[in-house]
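# A structural walkthrough
The lines below spell out each chain.
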Amino acid sequence: MGIMQFMDRAAPLALDPAIALLGNEEQGAAFDWAAMRGFIRDRVTGANNWLGDPNAKVTYASPSAKWIWNAFGVLTSGTTLRCDHDPASLDSSMTPLNSLGIGSGAVVNKSIVLASGTFSYPVGEVVRITDAADISKWILGRVVSWTAGTKTLVVAGYAASGSYVSGSNWKVIVALGIRIESQRTNLLLRSDDFTATWQKVGTTTPSANSFRETSADSVHYVRQSVVFPDGSGSLSLDLKSAGRKVSLQIETGGLYANRCEADIDIDAGTTSRILNNGTYAGASVTFGPVDTDGYRRVTLAFSTGAKVGDGSVFAVIRTLGAADVTSFVGDPTKGVDIRRAQLEVGAFASSYIPTTTAQVTRAADNISLATALFPYSSVSGVLAADFVPAQGTSSNVAAVIRDSGGTVYSALLGSTGSLAQFVVRDGGASQASLASTHARTRTKMAGAYKANDFRVSIDGAAVLSDTSGTVPAGISVLQFGAFTGSANVLDGWIRNTRYFPRASVTDAELQAWAA
């Protein structure tokens, strides 16, 4: 009997996150949007088998430039699908990680001590841990626990850019997945240059992104007028104090009484006064974190009501004097630095849209995959998604498998009003509509379709079912983050999407996929 000599070999490569997401399924498609990896396993059509960057497989129709936060908490522009990150969660660590064991075949939980510990990391959240010297080198992990007192984050690594061992200088940030948005227009001209177009009163603009007060005893502001329809809107911009608090204002052109105002301490991230006057109502302010350049993104959301006037509004940035007075002797050394100003129609702000001499419209994100490119079953299957929908009460779709015209669909996952829902439609009528009350927060769903057997689990809860209905024929498209290219857009984030062609599925499996 021959004896094979033992051979030393390198440790096995880490399991690709998209392969891990598909799991033990014989066939299916899986997209991990945090890792930007996709996997298709098709036992019938061999040409469909694929593993790689989703940009190489899905159709991203006519994309506009989109600004998203990278792993270092910096806004970056691009026209490809990229993972967005939460800048509020950006932290750093000097804990040696040894790649969390990824690539060694021994992935382990690891305790990481953070520098600031100001953000609370929810259990199950995905964090990207990036080599502070090289943004291309990263590890993805899921939060196991977070202890604020000791600033200790425990994570379980599940993906890496390579099986490398780094030193002990890391950036840590929550990975949100891909951000999918509806069409929006920035109505302000010269969004990043306040030396022109913007009207200046009691101010000067020594640079494109700064305004300083004159020594006049007066009001001190910059403003711009745009035509604006009655209804909801948002003004968002990056602000950095130069020794002053500010007041953000939306004023109706020709009827100053109809307006809203918010007095803001930029450094503290607080609001001391909000005024809704005349027809205006519901004004509110949200603050982003202070970014690496010292700016803080601030958003004033508002509703004009039937504002009358001349059909326009002024977007106003005004500095405040002592005791928050609006008219005072100015100080030429004081004012505010401003960037990336945006005024748009809609109850919440979208990602930044740069402008120069004209308004700019960003197209709705239209992302799809033809069912001919993965093992879709017209008889039975499972669609699962992990997503965050838009705030508000609109109907937003996380994923849908439909026909080309959007008249029938075998599986739809999304949110409407205060509900998370799974819907199947055939022959001009709903075949199943299974829903449960759910906040507009991170949502995980897995829905199964089969004639007279429709079921869904939401966040791993008990399965909802409908035992009567048909499955439509003529299905041709898996649409991500919208119903069609521009209807019922998610206006949120998708972390992952999965599809399995299953002849049968248990309630326990649905709950596990949605947990």
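Residues numbered from 1 in each chain as written. Predicted model: local features only at pLDDT ≥ 70, side-chain atom pairs only at ≥ 80, totals over all residues. Heavy atoms only, no water.

### Quick look at the side chain of Ser-377
- As for its placement among the helices and strands, Ser-377 is situated in the loop between β29 (367-370) and β30 (380-388).
- Every residue in contact with Ser-377, bar those within four places of it in the chain, is listed here: Tyr-449, Tyr-499 and Pro-501. (Helix = DSSP H or I, 4+ residues; strand = E, 2+ residues; numbered from the N terminus. Contact = heavy atoms within 4.5 Å.)

### Remarks on the sheet that holds strand β24 (residues 296-303)
- Spatial ordering of the open sheet is given by β15-β16-β27-β19-β24-β23, a layout of six strands whose pairing is antiparallel. Every interior strand has two partners, whereas the edge strands, β15 (203-207) and β23 (281-290), have only one. Averaged over all neighbouring strand pairs, the angle between strand axes comes to 30°, with direction disregarded. (Pairing = 2+ DSSP bridges. Axes fitted to C-alpha atoms, helices over the stretch in contact; angles between N-to-C directions.)

### What to know about unusual backbone geometry
- One non-glycine residue with positive phi stands out, namely Val-308, at about 60°.
- If you trace the backbone, Val-308 turns up in the loop between β24 and β25 (312-320).
- Residue Val-308 is classed as exposed on the basis of its relative accessible area, which comes to 59%.
- One non-glycine residue, Asn-488, lies in the positive phi region at around 55°.
- On the secondary structure map, Asn-488 appears in the loop between β38 (477-480) and β39 (492-500). (Buried < 20%, exposed > 50% of the residue type's maximum accessible area, 1.4 Å probe, protein only.)

### What to know about the pairing of strand β34 (residues 429-437)
- Both strand β33 (residues 419-426) and β34 contribute to a ladder of eight bridges, which runs antiparallel. Within β34, the position partnered with Asp-426 by the bridge is Ala-429.
- Counted between consecutive antiparallel strands, the loop separating β33 from β34 contains two residues, among which Gly-427 sits at a positive phi close to 60°.

### A look at the sheet that holds strand β21 (residues 259-265)
- Read across the open sheet, the six strands follow the order β14-β18-β25-β20-β21-β22; overall the sheet is antiparallel. In this open sheet, the two strands that pair with only one neighbour each are β14 (199-201) and β22 (270-277). Across the sheet, the mean angle from the axis of one strand to that of its neighbour is 15°, orientation sign disregarded.
- Bridge analysis of β14 against strand β18 (residues 221-227) gives three bridges, and the strand direction is antiparallel. The residue of β18 that forms the bridge with Lys-200 is Val-222.

### Remarks on the environment of Ile-317
- Residue position: Ile-317 is located in strand β25.
- Sequence separation between Ile-317 and Ala-30 is 287 residues; the distance between their C-alpha atoms is 46 Å.
- Discounting residues that sit within four places of it in the chain, Ile-317 has contacts with Trp-198, Phe-211, His-220, Tyr-221, Val-222, Leu-237, Ser-247, Leu-248, Val-336 and Ile-338.

### Section: helix α2 (residues 507-514)
- Listed as buried for α2 are Leu-510, Trp-513 and Ala-514. The arc that holds the buried residues of α2, viewed along the axis, is 95°, so those residues lie on one side. Within α2, the exposed residues directed more than 90 degrees away from the buried face are Ala-508 and Ala-512.
- Each element contacted by the buried residues of α2 is listed here: β30, β35 (443-450), β36 (454-458) and β39. (Arc of directions from axis to C-beta.)

### Describing the pattern of salt bridges
- Within the structure shown, the criterion is met by 27 salt bridges.
- In this structure, the salt-bridge partner of Arg-318 is Glu-251, at a minimum N-O distance of 3.7 Å. Placement of the pair is Arg-318 in strand β25 and Glu-251 in strand β20 (residues 245-252), with a sequence separation of 67 residues. Each member of the pair Arg-318 and Glu-251 is classed as buried.
- Among the ionic contacts, a cluster of salt bridges with common partners joins Asp-238, Asp-291, Asp-293, Arg-297, Arg-339 and Arg-340. (Salt bridge = Lys/Arg side-chain N within 4 Å of Asp/Glu carboxyl O.)

### Notes on the packing of aromatic side chains
- Summed over the entire model, instances satisfying the criterion amount to 15 aromatic pairs.
- Note on Trp-33 and Phe-480: the rings are 5.4 Å apart at their centroids and 80° apart in plane angle, and the pair reads as edge-to-face. Separated by 447 residues along the polypeptide, Trp-33 in the loop between β1 (28-32) and β2 (37-41) and Phe-480 in strand β38 bring together distant segments of the chain. The residues Trp-33 and Phe-480 share a single accessibility class, namely buried.
- Between the aromatic rings of Phe-119 and Tyr-121, the centroid separation amounts to 4.9 Å while the plane-to-plane angle is 75°, which identifies the pairing as edge-to-face.
- Using a relative accessible area of 4% as the deciding quantity, one classes Tyr-121 as buried.
- Here a set of aromatic residues connected by ring pairs shows up, and it is made of Phe-31, Trp-33, Trp-50 and Phe-480.
- One cation-aromatic arrangement involves Arg-184 over Phe-348; the distance from NZ or CZ to the ring centre is 4.9 Å. (Phe/Tyr/Trp six-rings, centres within 6.5 Å; stacked < 30°, edge-to-face > 60°. Lys NZ or Arg CZ within 6 Å of the ring centre and 35° of its normal.)

### Some details on the confidence of the model for the protein
- Taken residue by residue, the protein gives an average pLDDT of 93. The fraction at 70 or more is 95%.
- This model gives residues 1-13 a pLDDT under 50, and the stretch forms seven contacts once residues within four places in sequence are excluded. (pLDDT = per-residue confidence, 0-100.)

### Brief notes about the pairing of strand β19 (residues 232-242)
- Most of β19 is tucked away, with eight of its eleven residues classed as buried.
- Bridging between β19 and β24 involves eight bridges; their strand directions are antiparallel. Each bridged residue has a counterpart across the sheet, and for Leu-237 the counterpart in β24 is Val-298.
- Judged from the nine bridges that link them, β19 and strand β27 (residues 335-345) form a sheet pairing that is antiparallel. Along β27, the bridge assignment pairs Leu-235 with Leu-343.

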